[in-house]
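Inside the fold
Residue-level listing of the chains:
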Amino acid sequence: MPTKTPRTDPRVLRTRQLIRDAFIQLLQEIELEKITVNRITERATINRVTFYLHYRDIPDMLEKMADEMINDIRTIYHSIPNQSSSTDLDWSRLVKLLEYIAENANFYKTLLSSKRIPVFTERLQKLMVEVITGRVESREKSASSLAASIPQDIIIWYGSSAFIGTIIFWLRNDMPYTPVYLAKQLSLLATFKLKNLQLLE
């Protein structure tokens, strides 16, 4: 039997949330280089000792925050059974993922848009590469011969970059579309792309 992941103490989760929220607020107000542990703890209304119980320093905090972000997204994504055999993201999973990002828009908008903290975008891109790589094998069953002939790495680069770029622009523009609507449009774009490839044959 697989071992269960130990449940984190709610008090630990609450403290990390306070630290995370304080950091996001500060990042919206001042440059990353000006953010210190003192400023974070003052904003989070905790003491420095408490901060160092969770993180070695700010770079360590960013790494752990990125890990938590990916773990959350992975959990959300896999909480719904896969219902599609295409290489593109399954629609129902995509809706769930976009809804989660929308609920935490301030966090994602601030960190994914920050060029000074690439770790978050890099981790998300790595996850999307994993997801798309896992689906590329089935492309020959559903795609045209031209689409099936496109090298795997190009499909992966294109798919992951297009998805993350769309999410970032969506957040930067204050989410003008609902998660359901955006997911639908992304699905239509995927279908449109495949039809165009078929017309080129």
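From a predicted model like this one, the values you see are computed outputs, not experimental measurements.

Calculation rules
Residues numbered from 1 in each chain as written. Predicted model: local features only at pLDDT ≥ 70, side-chain atom pairs only at ≥ 80, totals over all residues. Heavy atoms only, no water. Salt bridge = Lys/Arg side-chain N within 4 Å of Asp/Glu carboxyl O. Helix = DSSP H or I, 4+ residues; strand = E, 2+ residues; numbered from the N terminus. Buried < 20%, exposed > 50% of the residue type's maximum accessible area, 1.4 Å probe, protein only. Contact = heavy atoms within 4.5 Å. Axes fitted to C-alpha atoms, helices over the stretch in contact; angles between N-to-C directions. Parallel < 35°, antiparallel > 145°, perpendicular 65-115°, else oblique. Left-handed = near helix turned anticlockwise from the far one by under 90°. Nonpolar A, V, L, I, M, F, W, Y, C, P; charged D, E, K, R; others polar. UniProt positions renumbered as here; feature names shortened; annotations may be inferred.

Turning our eyes to something else, we now look at the pattern of salt bridges. The final tally for this structure, using the stated rule, is 9 salt bridges. Between Arg116 and Glu33 there is a salt bridge, with its nearest N and O atoms 2.4 Å apart. In this pair, Arg116 sits in the loop between α6 (105-112) and α7 (119-136) while Glu33 sits in the loop between α1 (10-29) and α2 (37-44), placing the two residues 83 residues apart along the sequence. Given a relative accessible area of 53%, Glu33 falls into the exposed group. Among the charged side chains, a salt-bridge network with shared partners connects Arg56, Asp60 and Lys64.

Looking at where Phe51 falls in the secondary structure, it is placed in helix α3 (residues 48-54). For Phe51 and Arg16, which are 35 residues apart along the polypeptide, the C-alpha to C-alpha distance reads 8.6 Å. Setting aside residues no more than four positions away along its own chain, Phe51 makes contact with Ile19, Val37, Ile40, Thr41, Ile46, Asp57 and Met61.

Relative orientation of the contacting elements helix α4 (residues 58-78) and α6 amounts to 125°, with a least axis distance of 13 Å. Overall, the two elements α4 and α6 adopt an arrangement that is oblique. Every pair of crossing elements has a handedness; the one defined by α4 and α6 is left-handed. Seen from α4, the contacting residues are Met65, Met69 and Ile73; seen from α6, they are Phe107, Tyr108 and Leu111. When the residues that make up the contact of α4 with α6 are grouped by side-chain class, the tally is 6 nonpolar, no polar and no charged.

UniProt's feature table lists "transmembrane region" (unreviewed entry) at residues 154-171, given in the numbering used throughout. Secondary structure across residues 154-171 divides into 100% helix and 0% strand, with the first and last C-alpha atoms of the span separated by 26 Å.

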